[in-house]
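# Analysis of the macromolecular model
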Amino acid sequence: MGSIKEYFSSLGKGISSLVKGLEVTGKEFVTPKITERYPEDRETRHVPQRFRAVLQFIYDKEGNHRCIACGTCERNCPNGTITVETKMVDTWDGKKKKKLDRYIYDLGSCTFCQLCVTTCPTNAIEFSNDFEQAVFTRQKLVKQLNYLPEKPEPKPTPEQIAKMEAERQAKIEAAKAAAAAKKAAAAGEAPAAPAPAAADDKAAKALAAAAGDPEKLAKIQAALKAKAEREAAKKAGEA
């Protein structure tokens, strides 16, 4: 008799606990859902603008970026996440210029410290809030940020060409004047004095400044020629 009583007592306790559990479950069943439904709500999900997800280049409407390949971001990165590869190109004035070849960024080792962004002198990079960066292999986390083709060096304008030609002619005229003075000094059997470099530079700058004014340019050239002749006559008289 006692065992039957204990049986029904334990059965009642079990049913009571089951009812309590169903009561909690029933309340949660009708409670409004507050859980996130990603990725079903991908189109309506709001991600804060300040969220740092992945580094990217800043391109303008013409497809130009601001990176000058100075390497500041690469040096300041604590994890070696950034690799800046450069190349040398020839400019229109015959000089050499360092230019960006490839900008490599390893998202897998980035700590999102933003030191690269804050120290960039030209504001060429930024962090986007695109957090969907899941891939199946680590190799796909290595990205080339300058994904658009690098544009060639711009062609010189007519003004730049005229300035460069004027500077070249000024150097030629200065060299001719120095050579004439040296020749005149040698003909008078006097030791040739070295051509003053400062005067030559000043004459070259004056000729370059007058490149757009033919009349002014002719006057400067005539003055330089007369000055060279006077110096040559003076040296010949002293001899």
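Whatever comes next refers back to the structure up there.
Our subject in this report is the structure included herewith. (Residues numbered from 1 in each chain as written. Predicted model: local features only at pLDDT ≥ 70, side-chain atom pairs only at ≥ 80, totals over all residues. Heavy atoms only, no water.)

### Re unusual backbone geometry
Convention followed: Helix and strand definitions follow DSSP, with helices as H or I runs of at least four residues and strands as E runs of at least two, each counted in order from the N terminus. Note on exposure labels: buried denotes an accessible area under 20% of the residue type's maximum, exposed denotes more than 50%, and partly exposed covers the range between, all computed with a 1.4 Å probe on protein chains only.
Of note, the phi angle at Phe112 is positive, near 60 degrees, even though the residue is not glycine. Following the sequence through the fold, Phe112 ends up in the loop between strand 3 (96-106) and helix 3 (115-119). Judged by its relative accessible area of 27%, Phe112 is partly exposed. A positive phi angle, near 55 degrees, is found at Asn123, a position not held by glycine. Locating Asn123 in the fold gives a position in the loop between helix 3 and strand 4 (125-128). For Asn123, a relative accessible area of 46% puts it in the partly exposed group.

### A word on the side chain of Asp106
Selection criterion: By the convention used here, residues are in contact when the closest approach between their heavy atoms is within 4.5 Å.
Note that Asp106 resides in strand 3. Discounting residues that sit within four places of it in the chain, Asp106 has contacts with Thr81, Arg138, Leu141 and Val142.

### Remarks on the pairing of strand 3
This is how it is decided: When DSSP finds two or more bridges between a pair of strands, those strands are recorded as paired.
In terms of strand pairing, strand 2 (residues 82-90) meets strand 3 through 9 bridges, oriented antiparallel. Within strand 3, the residue paired with Glu85 across the bridge is Arg102. Linking strand 2 to strand 3, which pair antiparallel, is a turn of 5 residues; within it Gly94 sits at a positive phi near 85 degrees. As paired strands, strand 3 and strand 5 (residues 142-144) are joined by 3 bridges and run antiparallel to one another. Looking at the pairing, Tyr105 lines up with Lys143 of strand 5.

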